[in-house]
Amino acid sequence: MRPFLTLHHPARARRYYAEGTWRNDTFYSLLTGHAKARPDAAALRDGGRRLAWREVLVWVDGVAADLRRHGLVGGDRVSIWMSNKLETIITFLACAREGFACNPSLHRTYTCAEIVQLIDRLQAKAFVTEPGWGADRANVDFDAMLGQVSSLRNVYSRDTFPQAGPAISKPVEDPDKVSYLAFTSGTTGTPKCVMHSDNTLLANARDLVRDWGHGPQTVLLSLSPLSHHIAWVAVAQWLLAGCELVTDDPPAGMSRLDWIIETGATYVMGVPTHAIDMLSEQRKRNIAQMGEVKLFYMAGSPIPPSVCEAFVRQDIKPQNIYGMTESSSHQYTHPDDDEATIVKTCGRGGPAYEVRLFDPLDSDREVPPGTVGQIAGRGAALMLGYLDNQTATEQSFNSDGWFLSGDLGVLDARGNLKIEGRLKDLIIRGGHNIYPSTIEALALRHPDVTKAAAFPVPDERLGERVCLAIIGTTGGEALLQHLHGEGLSKYDMPEFFIRVDAFPLTASGKILKRELVQMVKRGELSPQPVRFGRSKEVA
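Each value, and the rule that gives it
- Residues numbered from 1 in each chain as written.
- Predicted model: local features only at pLDDT ≥ 70, side-chain atom pairs only at ≥ 80, totals over all residues.
- Heavy atoms only, no water.
- Helix = DSSP H or I, 4+ residues; strand = E, 2+ residues; numbered from the N terminus.
- Rg over C-alpha atoms; globule rule 2.2 N^0.38 Å.
- Buried < 20%, exposed > 50% of the residue type's maximum accessible area, 1.4 Å probe, protein only.
- Contact = heavy atoms within 4.5 Å.
- Areas by Shrake-Rupley, 256 points an atom, 1.4 Å probe, with all protein chains shown as cover.
- Lys, Arg positive; Asp, Glu negative; His and termini not counted.
- Charge placed at Lys NZ, Arg CZ, Asp CG, Glu CD.
- Phe/Tyr/Trp six-rings, centres within 6.5 Å; stacked < 30°, edge-to-face > 60°.
- Lys NZ or Arg CZ within 6 Å of the ring centre and 35° of its normal.
- Pairing = 2+ DSSP bridges.
- Axes fitted to C-alpha atoms, helices over the stretch in contact; angles between N-to-C directions.
- Salt bridge = Lys/Arg side-chain N within 4 Å of Asp/Glu carboxyl O.
- Parallel < 35°, antiparallel > 145°, perpendicular 65-115°, else oblique.
- Left-handed = near helix turned anticlockwise from the far one by under 90°.
- Nonpolar A, V, L, I, M, F, W, Y, C, P; charged D, E, K, R; others polar.

Caption draft 1: Highlighting the overall build of the protein chain. Within the protein chain, the secondary structure is distributed over 16 helices and 25 strands. For 539 residues, the compact-globule formula gives about 24 Å, and the C-alpha radius of gyration of the protein chain, at 23 Å, lands near that figure. Expressed as a percentage of the 539 residues in the protein chain, the buried residues total 58%. Taking the contacts inside the protein chain whose residues are at least 6 apart along the sequence as the reference set, 70% of them involve residues at least 24 apart. If you sum the accessible surface of the protein chain, you get close to 21,900 Å²; carbon and sulfur atoms cover 49% of it. Each charge class in the protein chain can be summarised by its mean position, and for the 58 positive and 63 negative side chains these summaries are 1 Å apart.

Caption draft 2: Here's a closer look at the packing of aromatic side chains. One pass over the full model with this rule turns up 14 aromatic pairs. Of note, lysine 192 hangs over the ring of tyrosine 386, and the distance from its end group to the ring centre comes to 5.3 Å.

Caption draft 3: Summary view of the side chain of threonine 474. Mapped onto the elements of the fold, threonine 474 is located in the loop between strand 23 (463–472) and helix 15 (476–485). The contacts of threonine 474, once residues within four sequence positions are left out, are His446, Asp448, Val449, Leu479, Phe497 and Arg499.

Caption draft 4: Quick peek at the sheet that holds strand 19 (residues 417–422). A sheet is described by the order of its strands in space; here five strands give the open sequence 16-15-17-18-19, paired in antiparallel fashion. Each of the sheet's edge strands pairs with one partner strand only, and the pair in question is strand 16 (362–366) and strand 19. Strand-to-strand twist of the sheet, defined as the mean angle between neighbouring strand axes without regard to direction, takes the value 55 degrees.

Caption draft 5: Geometry of the sheet that holds strand 25 (residues 528–529). Here four strands make up an open sheet; going across it, the order is 22-23-24-25 and the pairing mixed. A strand with exactly one partner marks an edge of an open sheet, and here the two such strands are strand 22 (449–459) and strand 25. As judged from the two bridges shared by strand 24 (residues 496–499) and strand 25, these two strands associate in the antiparallel manner. Pairing of phenylalanine 496 across the sheet is with proline 529, part of strand 25. Strands strand 22, strand 23 and strand 24 of the sheet are contacted by helix 15, whose axis makes an angle of about 105 degrees with strand 23.

Caption draft 6: Up close: unusual backbone geometry. A positive phi angle, close to 55 degrees, is found at asparagine 286, a residue other than glycine. Its place among the elements puts asparagine 286 in the loop between helix 10 (272–285) and strand 12 (295–299).

Caption draft 7: The arrangement of the pairing of strand 19 in detail. When strand 18 (residues 403–411) meets strand 19, the two strands line up antiparallel, connected through five bridges. Directly across from leucine 411, in strand 19, lies its bridge partner leucine 417. Between the end of strand 18 and the start of strand 19, which pair antiparallel, lie five residues, with glycine 415 showing a positive phi angle near 90 degrees.

Caption draft 8: Structural detail: the pattern of salt bridges. Inspection of the entire model under this criterion finds 36 salt bridges. One salt bridge in this structure joins aspartate 336 and arginine 348, with 3.6 Å as the shortest N-O distance. Here aspartate 336 is found in the loop between strand 14 (328–332) and helix 12 (339–344), whereas its partner arginine 348 is found in the loop between helix 12 and strand 15 (354–359), with 12 residues between them in sequence. Classification of aspartate 336 as exposed rests on a relative accessible area of 60%. Measuring nitrogen to oxygen at the nearest pair gives 3.4 Å for the salt bridge that ties arginine 378 to glutamate 354. In this pair, arginine 378 sits in strand 17 (residues 373–378) while glutamate 354 sits in strand 15, placing the two residues 24 residues apart along the sequence. You can call glutamate 354 partly exposed: its relative accessible area is 31%. Shared partners join several salt bridges into a network, and the residues in it are Asp46, Arg49, Glu87 and Arg158.

Caption draft 9: The packing of helix 2 (residues 27–37) against helix 8 (residues 229–241), seen in detail. Contact geometry for helix 2 and helix 8: axes closest at 8 Å, N-to-C directions at 45 degrees. Judged by the angle between their axes, helix 2 and helix 8 are oblique. Helix-helix and strand crossings are classified by hand; for helix 2 and helix 8 the assignment is left-handed. Of the residues in helix 8, those in contact with Phe27, Leu30, Leu31 and His34 of helix 2 are Ala236, Leu239, Leu240 and Ala241. By residue class, the composition of the contact of helix 2 with helix 8 is seven nonpolar, one polar and no charged.

Caption draft 10: Inspection of the pairing of strand 22 at higher detail. Sheet topology places strand 22 next to strand 23; 10 bridges connect them, and they run antiparallel. In the strand pairing of strand 23, phenylalanine 455 is matched with cysteine 467. Between the antiparallel neighbours strand 22 and strand 23 lie three residues.

The following block contains the structure:
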């Protein structure tokens, strides 16, 4: 097997194995275990097919054999650019079986030129795609562009995708091999390529499955696309729990809400936007109950209290999540957490990842509970580094080996983490630090605010002032009064306000605040001045 340069450390590995956060299971061994124990149980479903465990296994073996016949060897890379079809998950498992590193994180919003650049950067040997997929597929000759990638041995489409068949090689039994490559889709800069092993992905999933009691009775539906890391947190939980996994691929003409109801989903994973959309459709159609759903996982942004309350009324437990591609969904609320903990924090997580907070200006100085600091972590769920990027890897750690997230947060006395925003999102007004996420979370408590984003506008004297953009119907002055009533300091009050119809988003659904800043600079957005209490300005 061709090696990867990774952060794998023998002493740490021994500790993880001893404490049980790493084990000898691989993705493929978990699959074979379920296929032997429950061969005819429902395992995997998209909008056109529903497969039993034995059917998943033989299809995986057939795809693995075909990749081998095209000359791939352990350590080679396989990239996927397609919709939420079963072929994506089958390809991933086939790669895991053979020791190939699978890269499924190519978003539909990418252009063909961007895709060619990324798979060439990986030197991918095989590529799986489907006609019409992508931002500009209809306008370019994508096949000709792929010819520029000299490493490619084969390109699969859904029409040419391998069928079920026998394996032609023994499976790779190393749970510490690099099995998953994911380009980050955050709000800053050029994407880095995260490396994960079977063990680093499964470590966080073991915590979630154990603490939330998932098992064969669970029906897990991911509303996040298979190009996003949330979906692979779902895949890892699926393989550990032995449940049925449903992708976000409703049949033509069927809404997502109807798909949730149709599939009997009990555990839904997504972002708060998904939850808001589902609840809105319920209200419009006068549907009292969201099918069989008992748990709704939400990551990526604050959960509006109204969403939490609407779920509780349906006997659905909201789950607040914080994580990154680098460390999966390591911070999460627990079944016994009260509503305040769920709305205001991302919980205390599990043993696969330890969190500490460090001074935003000195990443080697730890800060105590109750103090805002940069979120850092270490543990069995942490990635193995960034592929072919030593600089980015080493700059992501402090001198004691804590991975620096670039996010700000506060830990309470019970270890629950509250997110205060991105370190780079911090707004500094005349030397005073203002945390956008605090403003956003309070704004979302207003009944007429659906989404909110606080971002800086330049000011000659103070450096920056706060602009609050919302999707909603309330006015600026009324919203300032609401923020005051929710306890926001007058020193943190927005001084500009604008209503928008939509926010610019990353492929994973995060608001692109840097684009909002640029839209103001280009004159595409015109925020209006607002002032709390119309009192004398405080510099």
